[in-house]
Amino acid sequence: MNIGIVVHGPNIIDSTYAIKIIKFLSEYFNVSCRLGGTMGRTAVIDAALEDIIDISRKLVPSDSISIFADEGADGIFLLNYGKSSTTGHVFGYKVVHHYMDKNFHKDIPLIQIERPGEDDGSIIIWNLPSNLNDNFRPIIDMLIDEFNIIEVSPKEIEDKHFVIDDSERLNLSLNSSSEDKQYSDKDSSVKIIRHIHGVSPGENILVNGTVIGKSNSSKLSLVSVNGIIVEIIGGEIKKHGVEKLGKIDLNNAIVKTGLLRRSEIEPRVIKHEHDENQIKVAFLDHAAEDVYSLKNMDLIITVGDDTTLLASDILFRFQIPIIGITDGDLDKLVEKGYKSNDSIIFQLEEGNDDILGSKIFTELFNNQNCFIINSNSLSLNQIIDELKEEIIEIIKEMNIKYIIK
């Protein structure tokens, strides 16, 4: 039988359980693996697993599952390692519902393995047609014994984390979660309240990769009106982050809390190949998740504290330096960040990174996402120095205070 394995997030990879489970299932099935999510890419690279886990496409977990289903997989496994069983189970519930909304194949088993190696490690059988029970039940029992995990039913997860009517319980015809409330106010504006599970006080709150606040309670809810987040119940809102985020569909947005990667892993550095006759320079503005598409560039100018931190950490693996534009509004998103030699960080007065970024995009990039410099006899270091001086001139014209790190 052909089995699809969707690997989500860096922690299941850093724990080494992703490869252990892949090898275990490979003894019984023809296995194909692909990543679901974006932050796991760096972990796949650090573990040198890119030939085993496909990271070529930027896919959310439900899309990765749908692709395997469309390809005719006989069964699908979802591997995850949440920061708690609560976050892991709620994550799985959300992924399953998104998969149902998109392209649910009711005849294909869908099984989640959550937090293997922990005392609360579990396996959840989200879908198992009765006619395939004899094919998969022995493997499920072997997984339980091999990885010392317990079986948790979808109903247990619903009862513990979701307040819904019996008629709305998870089943093959369910199209959406009733956990997220949506209604119209008297002025016809649409308000959405989304409850976030498994949160600890003091954690960053990220929506679609942008930090929009910090929790101060274990009970957290996000409130949006007409697509704009206006309140965080159980946390403090970050106005600048909300402005950067803009209008969203809160029900379907990707929400994360805490560190994006908790493990301290020695990064794997890959030799960067480049054309000696030209230098490719790219512009990245508040979209760190897109940095992998720029790994063939020679230099990246990044705008925003979080974008600069994450991009520099990822690009370190490819020996690509950055020129970062920040304003000191830094949120800790990874345990330890790296940056390539020759990187330069401009730290401006608060609130000015977007303004300077816009000027750089217009004046240096001519409103294009990248440009090419015919290097001739110039080295990359010399080009970095020239761009540094040009940026300093723009900063002086804007009369903004800055320091260089």
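Structural data are supplied above this passage.
Values in this document were obtained by computation on a predicted structure and should not be read as measured data. (Residues numbered from 1 in each chain as written. Predicted model: local features only at pLDDT ≥ 70, side-chain atom pairs only at ≥ 80, totals over all residues. Heavy atoms only, no water.)

Caption draft 1: The arrangement of the sheet that holds strand E3 (residues 53–54) in detail. Read across the open sheet, the seven strands follow the order E3-E2-E1-E4-E5-E6-E7; overall the sheet is mixed. Bordering the open sheet on either side are E3 and strand E7 (150–151), each of which pairs with just one other strand. Sheet analysis places strand E5 (residues 110–114) next to strand E6 (residues 122–127), joined by five bridges and oriented antiparallel. Following the sheet pairing, Ile113 is matched in E6 by Ile123. (Pairing = 2+ DSSP bridges. Helix = DSSP H or I, 4+ residues; strand = E, 2+ residues; numbered from the N terminus.)

Caption draft 2: The arrangement of the pattern of salt bridges in detail. Taken as a whole and judged by the stated rule, the model has 15 salt bridges. Here Arg317 ties to Asp313 by a salt bridge, and the two come within 3.2 Å at their closest N and O atoms. In this structure, Arg317 and Asp313 share a single accessibility class: buried. Within this structure, Asp14, Asp46, Arg261, Asp313 and Arg317 form a network of salt bridges that share partners. (Salt bridge = Lys/Arg side-chain N within 4 Å of Asp/Glu carboxyl O. Buried < 20%, exposed > 50% of the residue type's maximum accessible area, 1.4 Å probe, protein only.)

Caption draft 3: Spatial organisation of the layout of surface pockets. Reported here for the second largest pocket is a volume of approximately 320 Å³. Around the second largest pocket sit 17 residues that line it, and His274, Gln319, Pro321, Asp342 and Leu380 are the ones nearest its centre. Counting residues per element, the lining of the second largest pocket draws most heavily on helix H11 (residues 380–398), at three residues. Grouping the amino acids of the lining of the second largest pocket by side-chain chemistry returns six nonpolar, eight polar and three charged. (1 Å grid on protein atoms, 1.4 Å probe; cavity = no way out; pocket = protein on both sides within 12 Å on 5 of 7 lines; lining within 4 Å. Points joined across faces, edges and corners; volume = space filled by probe spheres on them. Nonpolar A, V, L, I, M, F, W, Y, C, P; charged D, E, K, R; others polar.)

Caption draft 4: Summary view of the sheet that holds strand E21 (residues 402–404). In spatial order, the strands read E20-E16-E17-E18-E19-E21; together these six strands make up an open sheet with mixed pairing. Since the sheet does not close on itself, it has two edges, and those belong to strand E20 (370–374) and E21, each with one partner. This sheet shows a mean twist of 15° between the axes of neighbouring strands, independent of strand direction. Sheet topology note: the strand E16 (residues 278–285)/E20 ladder contains five bridges and is antiparallel. Bridging across to E20, Ala282 finds its partner in Cys370. Sheet strands touched by helix H9 (residues 305–316): E16, strand E17 (299–303), strand E18 (322–326) and strand E19 (344–348). Its angle to E18, the strand with the most contacts, is close to 160°. (Axes fitted to C-alpha atoms, helices over the stretch in contact; angles between N-to-C directions. Contact = heavy atoms within 4.5 Å.)

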